Amino acid sequence: MAENNNKGGRGVRQNSPAQSHNNDRRNGQTPSHDSDRRGNQNQSPFNDNDRRGDRNHSPFNDNDRRGDRNQSPFNDNDRRGDRNQSPFNDNDRRGDHNHSSFNDNDRRGDRNQSPFNDNDRRDNHNHPPHHDNDRRSNQRQTVYHNSNRQSNQRQTVYHNSNRRNDHNQTVRHNKKSPIIIIIAIILIIALITGACLWYFKFGGKSIIDGWINSATVDDGGGESTGNGENNGGENNGGGESTGNGEVNNAGAYLPAAIENGDLSIHFLELGNKNTGDSVYIKNGDTDILIDAGSKNNSGPVISDYIDDFVTDNKLEFVIATHAHEDHIAGFYSSSSNTGVFARFETGIIIDFPLTESTTGTYTNYVKARDAEVTAGAKHYTALECYNESKTGAKRVYDLGGGTELEILYSYYYEHDASTENNYSVAVMINQGDKHYIFTGDMEKDAEDKMVEYYDNYRDGLPKCVLYKGGHHGSQTSSNVKLLEAIQPEYVAICTCVGSSEYKAKPDNVFPSKDFIDRISKYTDRVYATTIVTNYAAGEFEPLNGTIVILTRANEIYVRCTNNNKKLKETDWFRDNREMPAAWAA
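If you're wondering where the values come from, they're calculated on a predicted model, not measured in any experiment.

Peer 1: Would you mind going over the layout of surface pockets with me for this structure?
Peer 2: Unoccupied space between atoms shows up once a probe the size of one water molecule is rolled over them. Here the second largest pocket is characterised by a volume of approximately 250 Å³. Every residue lining the second largest pocket is counted, 18 residues in all, and those nearest its centre are Asp326, Asn421, His471, Tyr502 and Phe510. For the lining of the second largest pocket, the residue count by class is four nonpolar, 10 polar and four charged.

Shown next as structure tokens:
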């Protein structure tokens, strides 16, 4: 409760140290809305209504200009001696007669008048204490709407209605008319209402909704190049808009909170110079992790990232595509790193039916996987899922909201392969007529056999919105038969661009020349996670960073944690690859 303490004179009003609407504070206060500052110095003079000695100030809205020269006489609120004038907004009318008393800010001697907004009522009696504008002796208070502050020093002043002796001030916004005040109130209400509607519509997910709702999405008119599209440089805000609703704003980041009905797919940076795969998928409350490479020290990096999204500490599905270190090393714990299995509860683990691996990495993975099974997880191979040959194993899992996880068939689920890569598990996310395909490190032989199987025994593989670039962009993967079947619109590669890790010849460094030439016939929307600047020194940095593909309301959005440049727009591409004819057009 506030008390009024007006020792400056007429009536007693005591105020607590935090006192709103104090209009006379002569000693050391924060003086918002000061309407009488006769000795104030060095203050911001907004709404100065009494400037009896002021010079060199803007004359608009000056309400007491007894010594002013060469100033515009608009809104002059000191008209002593005036007769037959409009009395509205007259703030000092000591000799006026027969005028309306609305907004009269100096009514010394008035009796029985409405006391609202009276800014100097030294002799008024029996009126409510609202907006008392003469409180000359209050100390150390926070003051709003103070209209008579004779001795305040060095204060920031708003709505000052009586400032005698102020100097060198810029004066703005004196007593606003009721219409302006009403308009301001309406605008404030509209802003608050809009903010509330936005919050309840999108659940307060400010970052993701900011970049989605603030960007311009083209409804089919084609690609726009004039409002921020990357053309070889950084994207600076407007965002690329394409015919199917893609919107790119460089550096935008996707937060943990994602609405039910949204599908987000995250191609993760792995925190070291080594190429590897880890893809996190979130659909509503369902969390999926495909692989956890590239090294054991990637485990904490992966866990820290997905922890922002996994709200119940449970991964409903974990898929390990094959037994190579750069796909499974982050699942198990070591003396120096906590693995993904140790950080999260797991629902269903699906992995490769066959392997020839005998490495310590594979052995550690199996131990960690089996510990999860002991703790309550279900474990199926991809072949068991495809055949639905084990209780609970399914070919298609319903993820909710019309989205499905489908385990695809591969010939090498039940036949020996010449390379561990061809044992890779392949899966597809289906969202109505949108499809997203992940083939691990499948090479040409496995890819071709999969396409042939679906052509012969199913309706063929569908065209896909998104394809995870096979085998990190290697020349051995993403071959003609597979690409002709799926014809991807977007390609995301978990890779270390330019790395000499595998000591390949320059054309085969990830992403390889053959990969780029083949993929360019279908799309130029190709993104890659990391670039190695000096492999020997262990130096690497984000290329796109973590790549996020989001679907919302039938639109596709690309957001990357570093930038949204297409591969063809990067310096590395310019220096190391020739532009394919399809991309040069």
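Peer 1: Would you mind going over the sheet that holds strand S19 (residues 526–534) with me for this structure?
Peer 2: Strand pairing within a sheet occurs via backbone hydrogen bonds; the two strands may be parallel or antiparallel. Ordered by their spatial adjacency, eight strands build an open sheet running S13-S14-S15-S16-S17-S18-S19-S20, and the pairing between neighbours is mixed. Strands with a single pairing partner mark the edges of an open sheet, and in this sheet they are strand S13 (396–400) and strand S20 (539–542). Taking each pair of neighbouring strands and ignoring which way they run, the sheet shows an average axis angle of 15°. Relative to S20, S19 runs antiparallel, the two being bridged by four bridges. By the bridge assignment, valine 532 is partnered in S20 with phenylalanine 540.

Peer 1: Which parts of the structure should I look at to understand the nonpolar core?
Peer 2: Within soluble globular proteins, side chains that are nonpolar generally end up buried alongside one another. Phe267, Phe331, Tyr365, Leu405 and Phe438 are the most contacted members of the largest nonpolar core, which has 102 residues in total. With six residues, the top contributor of residues to this core is strand S18 (residues 490–497). Leaving out residues up to four positions away in the same chain, leucine 405 has contacts with Ile288, Phe317, Ile319, Arg395, Val396, Tyr397, Leu399, Val427, Met428 and Ile429.

Peer 1: Hey, could you run me through the side chain of arginine 369 in this one?
Peer 2: With respect to the helices and strands, the residue arginine 369 is situated in helix H6 (residues 360–374). A distance of 3.2 Å separates a polar atom in the side chain of arginine 369 from a polar atom in the side chain of aspartate 370. Setting aside chain neighbours within four positions, we find arginine 369 in contact with Phe341, Ile349, Asp351 and His379.

Peer 1: Quick question: what am I supposed to make of the pattern of salt bridges here?
Peer 2: Any two side chains of opposite charge can pair, given that their charged atoms come close. This model, assessed by the stated rule, comprises 15 salt bridges. With its nearest N and O atoms 3.0 Å apart, the salt bridge here joins aspartate 287 to lysine 282. One exposure class covers both aspartate 287 and lysine 282, and it is buried. For arginine 369, the salt bridge goes to aspartate 351, with nearest N and O atoms at 2.8 Å. With a gap of 18 residues between them, arginine 369 in helix H6 and aspartate 351 in strand S11 (residues 345–351) connect regions that are remote in the sequence. Neither arginine 369 nor aspartate 351 differs from the other in exposure class; each is buried. Because the salt bridges share partners, they merge into one network encompassing Asp351, Arg369 and Asp370.

Peer 1: Explanation requested: empty space enclosed by the protein in the structure shown.
Peer 2: Scanning the entire structure with this criterion turns up three cavities of 30 Å³ or more. Taken as a whole, the second largest cavity spans an internal volume of roughly 60 Å³. As for the second largest cavity, its lining consists of 13 residues, of which Leu270, Asn274, Thr495, Cys496 and Thr530 are closest to the centre. Within the residue set of the lining of the second largest cavity, elements represented by two or more residues are S18 and S19. Considering each element in turn, the lining of the second largest cavity owes the most residues, three residues, to S18. Here the lining of the second largest cavity is composed, by residue class, of four nonpolar, eight polar and one charged.

Analysis parameters
- Residues numbered from 1 in each chain as written.
- Predicted model: local features only at pLDDT ≥ 70, side-chain atom pairs only at ≥ 80, totals over all residues.
- Heavy atoms only, no water.
- 1 Å grid on protein atoms, 1.4 Å probe; cavity = no way out; pocket = protein on both sides within 12 Å on 5 of 7 lines; lining within 4 Å.
- Points joined across faces, edges and corners; volume = space filled by probe spheres on them.
- Nonpolar A, V, L, I, M, F, W, Y, C, P; charged D, E, K, R; others polar.
- Pairing = 2+ DSSP bridges.
- Helix = DSSP H or I, 4+ residues; strand = E, 2+ residues; numbered from the N terminus.
- Axes fitted to C-alpha atoms, helices over the stretch in contact; angles between N-to-C directions.
- Core = buried A, V, L, I, M, F, W, Y, C linked by side-chain atoms within 4.5 Å.
- Buried < 20%, exposed > 50% of the residue type's maximum accessible area, 1.4 Å probe, protein only.
- Contact = heavy atoms within 4.5 Å.
- Polar contact = N/O pair within 3.5 Å; in protein donor to acceptor, adjacent residues only side chain to side chain.
- Salt bridge = Lys/Arg side-chain N within 4 Å of Asp/Glu carboxyl O.

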